[in-house]
Amino acid sequence: MASERGPRALGGPMNEELLQADLERYRQKALELGASGAAVIPAAWVEVDERVRLKCIVPRCDHAGLTPNCPPNAPDLDLVRRALARYRWAVLIKCDVDIASHAPAAGTSTEEPLSFHRQGNQLVEDLERLAFRDGYHLTMGFGGGSCMADLCRGQPCQAMAGGACRFPYRSRPSMEAIGVDVMSLIHRAGWSAYAMQDDPNAAPFAITVGIVFVS
Ligand code: SF4
């Protein structure tokens, strides 16, 4: 996705007016690309909470420890907290998910079904690339779920086996893996989410969430 404003020097000076215009443009782009909601938020809204990180292993997620991006291998929370504190603005996005369409198709494939985080994670990648090409050299995005489910579709992790990641420049820790309290954050944005139930129709709706720190 090319910058729509012509080339700008990476890390060059950005005045506040230009930054705010860019943030609004990224918000609009997220909606154009299929997000059901997008908001420009102060980065200070993001809380990093050890309990979120711990919930990846208590009770244990089936991807815990199996990728470099999943706890306990994900980046240390003190580093995350210090790094995220350097950002001022972010774009928060959500995508509606039809859970029933992500159920495994019985007997048709050994590949895992497409992760319900895929659309949101792709949006995060797209917005991060757009901001980077606009000169925001430290822009950084996070989505949901494990890269093993989303990108590798359940194949064993090559990086953990000493090889190269199959998806360099795309694979990344999720918001929850870096301890971001996603539920508190979406409430601050005026959105809500519900726990998934055994009956996929029991919850009013399902969403996946992503965030791109811009500057
Ligand atoms: S190889 Fe797959 S599972 Fe391993 S880090 Fe890369 S994307 Fe994630």
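Every chain's residues receive numbers from 1 upward, in the order its sequence appears when written. Since the coordinates come from a predicted model, pLDDT governs what is reported: local features require at least 70, and pairs of side-chain atoms require 80 or more to be given and counted, while whole-chain, interface and lining totals use all residues. Computation of side-chain values: all heavy atoms of the structure, hydrogens and water removed.

Colleague: I keep staring at the overall build of the chain and nothing clicks. Help me out?
Modeller: Strands here mean DSSP runs of E at least two residues long; helices mean DSSP runs of H or I at least four residues long; both are numbered from the N terminus. A tally of regular secondary structure across the chain gives six helices and four strands. Scanning the chain from its N terminus toward the C terminus, one meets helices and strands in the order α-β-α-α-β-α-β-α-α-β. Projected onto the principal axes, the alpha-carbon positions of the chain cover approximately 55 × 40 × 35 Å. The 215 residues of the chain split such that 43% are buried. The contact criterion used is simple: two residues touch if any of their non-hydrogen atoms lie within 4.5 Å. Here the contacts in the chain between residues at least 6 apart in sequence split such that 77% fall between residues at least 24 apart. Per-residue accessibility takes into account occlusion by the displayed protein chains alone, with areas from the Shrake-Rupley method and a 1.4 Å probe. As displayed, the chain has an accessible area near 11300 Å², and 56% of this comes from carbon and sulfur atoms. Each residue's exposure class comes from its accessible area (1.4 Å probe, protein chains only) as a fraction of the maximum for that residue type: buried when under 20%, exposed when over 50%, partly exposed otherwise.

Colleague: It is not clear to me how the nonpolar core should be interpreted in this structure. Could you clarify?
Modeller: Proteins that are soluble and globular tend to have nonpolar side chains buried together. Side-chain atoms within 4.5 Å link the members of a nonpolar core, which is a set of buried Ala, Val, Leu, Ile, Met, Phe, Trp, Tyr and Cys residues. One finds Leu84, Met175, Ile211 and Phe213 to be the most contacted residues of the largest nonpolar core, which totals 23 residues. Secondary-structure elements contributing two or more residues to this core are strand E1 (37-42), helix H3 (77-84), strand E2 (89-97), helix H6 (182-188) and strand E4 (206-213). A total of four residues in this core trace back to one element, the largest contributor, which is E4. Ignoring anything within four residues of it in the chain, the contact list for Leu84 reads Ala43, Val46, Val48, Ile178, Val180 and Phe213.

Colleague: Sorry, what's going on with the pairing of E4 here?
Modeller: Within a regular beta strand, the side chains point alternately toward one face of the sheet and then the other, so they alternate between its two faces. Of all eight residues making up E4, eight are buried, and the element is well covered by its neighbours. Residue alternation in E4 divides its side chains into two sets, Ala206, Thr208, Gly210 and Val212 and Ile207, Val209, Ile211 and Phe213, and both sets are buried. The pairing of E2 with E4 spans eight bridges and is antiparallel. Bridging from a neighbouring strand, Val97 pairs with Ala206 of E4. Two strands are counted as paired when DSSP detects at least two bridges linking them.

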